[in-house]
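Descriptive structure summary
Residue-level listing of the chains:
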Amino acid sequence: MSLHPSYPIRTERLDLRPHRMDDLDDLLAFHSDPDVVRYVPWPVRDREQTRAALEVKLTQDALTEPGEWLVLAIELRETGTVIGEVLLKWASDTSRQGELGYALHTRYHGRGLAAEAANAVLRLGFEELDLHRICANVINGNAASVKLLTRLGMRQEGHLVENVFFKGEWCDELVFALLAREWRDR
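Conventions used here
Residues numbered from 1 in each chain as written. Predicted model: local features only at pLDDT ≥ 70, side-chain atom pairs only at ≥ 80, totals over all residues. Heavy atoms only, no water. Pairing = 2+ DSSP bridges. Helix = DSSP H or I, 4+ residues; strand = E, 2+ residues; numbered from the N terminus. Contact = heavy atoms within 4.5 Å. Axes fitted to C-alpha atoms, helices over the stretch in contact; angles between N-to-C directions. Buried < 20%, exposed > 50% of the residue type's maximum accessible area, 1.4 Å probe, protein only. Arc of directions from axis to C-beta. Polar contact = N/O pair within 3.5 Å; in protein donor to acceptor, adjacent residues only side chain to side chain. Core = buried A, V, L, I, M, F, W, Y, C linked by side-chain atoms within 4.5 Å. Salt bridge = Lys/Arg side-chain N within 4 Å of Asp/Glu carboxyl O.

Looking at the sheet that holds strand S6 (residues 133–139)
Spatially, S1-S2-S3-S4-S5-S6-S8-S7 is the arrangement adopted by the eight strands of the open sheet, whose pairing is mixed. Of all the strands in the sheet, the pair left with one neighbour each is strand S1 (9–10) and strand S7 (155–166). In the packing of helix H4 (residues 113–128) onto the sheet, contacts are made with S1, strand S2 (14–18), strand S3 (69–76), strand S4 (81–92), strand S5 (97–104), S6 and strand S8 (169–179), and the angle to S4 comes to roughly 30 degrees.

Some remarks on helix H3 (residues 47–57)
Looking at H3, one finds that the buried residues are Thr 50, Ala 53, Leu 54 and Lys 57. Seen along its axis, H3 keeps its buried residues to an arc of 105 degrees; they face one direction. Elements that come into contact with the buried residues of H3 comprise helix H1 (24–31), S3 and S4. Its side-chain oxygen at 3.1 Å from the backbone nitrogen of Glu 48, Asp 46 defines the N-terminal cap of H3.

As for unusual backbone geometry
Going from Tyr 7 to Pro 8, the amide bond is cis rather than trans, its omega being -5 degrees. Within the fold, Pro 8 resides in the segment before S1. Look at Asp 130: it is not a glycine, yet its phi comes out positive at around 60 degrees. If you trace the backbone, Asp 130 turns up in the loop between H4 and S6. Taking relative accessible area as the criterion, Asp 130 reaches 37% and is therefore assigned partly exposed.

Brief notes about the environment of Arg 133
You can see Arg 133 is positioned in strand S6. Distance in space between the C-alpha atoms of Arg 133 and Thr 11 is 22 Å, their sequence separation being 122 residues. Those residues in contact with Arg 133, other than ones at most four positions away along the chain, are Arg 96, Gln 97, Gly 98, Phe 126, Glu 157, Val 175, Ala 177, Leu 178 and Leu 179. Within the structure, Arg 133 has its side chain in polar contact with the side chain of Glu 157 (distance 2.4 Å).

So, the environment of Thr 79
In this fold, Thr 79 is placed in the loop between S3 and S4. On a C-alpha basis, the gap between Thr 79 and Leu 14 in space is 10.0 Å, while along the polypeptide they are 65 residues apart. Within the structure, the side chain of Thr 79 is placed 2.9 Å from the side chain of Thr 81, a separation counted as a polar contact.

Brief notes about the nonpolar core
Counting 41 residues, the largest nonpolar core has Leu 16, Val 86, Leu 100, Leu 149 and Leu 152 as the members making the most contacts within it. Residue contributions to this core peak at ten residues, all from H4. Val 37, Trp 42, Ala 73 and Ala 103 belong to the second largest nonpolar core, which has eleven residues in total.

Things to note about the pattern of salt bridges
Throughout the structure, instances matching the rule amount to 15 salt bridges. For Asp 15, the salt bridge goes to Arg 77, with nearest N and O atoms at 3.0 Å. You can see Asp 15 sitting in strand S2 and its partner Arg 77 sitting in the loop between S3 and S4, a full 62 residues away along the chain. Owing to a relative accessible area of 8%, Asp 15 belongs among the buried residues under this scheme. Residue class for Arg 77 comes out partly exposed when judged on its relative accessible area of 25%. When the shortest N-O distance is used, the salt bridge between Asp 22 and Arg 20 registers 3.2 Å. We classify Asp 22 as exposed; its relative accessible area is 58%. Among the charged side chains, a network of salt bridges with common partners joins Arg 17, Arg 20, Asp 22, Asp 23 and Glu 75.

Here it is, written out as structure tokens:
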């Protein structure tokens, strides 16, 4: 099993697609924003750090084996601006597990755009990669992500106390998940 999507993946307002080098300025706009990176696993990045990260992302356009991440640019079709990223990890072939991730420029929060992108990636995971379960891990205190994941139909399965050393301190981690049958029944 592998996943080689046809691009772009079109939603109502977005095109999800592999990153390109000309995304650098758009990525820098949110990779350098402390409010965006507060709850994501990378630090505030300068231009060179963003360029280095982008070079890795250029190769993450398919899933060919467990452990890999699919990393897609979220492009607002109306303007052609990359406003965020959405990710799907193929965590396990045997257990058919996946993991969802995302980051969105703060200027675009509150419009349902992250949910639109995440829904498209959940569809890829469940319908094209045939995953059984997709989870999302959230640093406790990230109320916007909790709200988004709940809106997507994911349920909180766990609250892991001081589970992760994150940005210099021990943090609680919340685990959300959705099963394929729950996805189909939504």
